[in-house]
Amino acid sequence: MRDDSSVQGAEQLNKALGANTVQFHSAYPLPDLKCTAAGQCSVPFPGVINSTGGTPNQKAERHANQIAYYHWVSPDAARAQQAVSDTIAFFQGQADRPGTSAFSMPMRG
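Residues numbered from 1 in each chain as written. Predicted model: local features only at pLDDT ≥ 70, side-chain atom pairs only at ≥ 80, totals over all residues. Heavy atoms only, no water.

Student: How should I be thinking about the overall build of the chain in this particular structure?
Tutor: The helix and strand inventory of the chain stands at three helices and zero strands. Counting all 109 residues of the chain, 25% fall into the buried class. Across the chain, every contact between residues at least 6 apart in sequence was considered, and the portion connecting residues at least 24 apart equals 48%. (Helix = DSSP H or I, 4+ residues; strand = E, 2+ residues; numbered from the N terminus. Buried < 20%, exposed > 50% of the residue type's maximum accessible area, 1.4 Å probe, protein only. Contact = heavy atoms within 4.5 Å.)

Student: I keep staring at the state of the cysteines and nothing clicks. Help me out?
Tutor: Simply put, disulfide is the name for a covalent bond between the sulfur atoms of two cysteines. If you walk through the whole model with that rule in mind, you get one disulfide. The disulfide partner of C35 is C41, and the gap between their sulfur atoms is 1.7 Å. Torsion about the S-S bond of the C35 and C41 cystine: about -90°, corresponding to left-handed handedness. Given a relative accessible area of 30%, C41 falls into the partly exposed group. (Disulfide = S-S within 2.5 Å.)

Here it is in structure tokens:
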């Protein structure tokens, strides 16, 4: 019998990270990235910002959440710089792994 708890956990993580992203983009519109939504200048699930694990897509979304959170939502210069450094390292790691980079995958069709 399959354990669905990890699937449910992954789905919850997807929802939480996605909700943070939607709220950020709604409250901090381009091009200024200044909060325009009085009382809504936060994210609904700050607890997932520094969580661990997940798929590569979830990790990428978490890095985006960290950059948004520490640069704009709850500014913290040291954590903002660390978020940028960690994001660069994450994507560099993805690019350095043979077979995981979109550029190294054969075209289908």
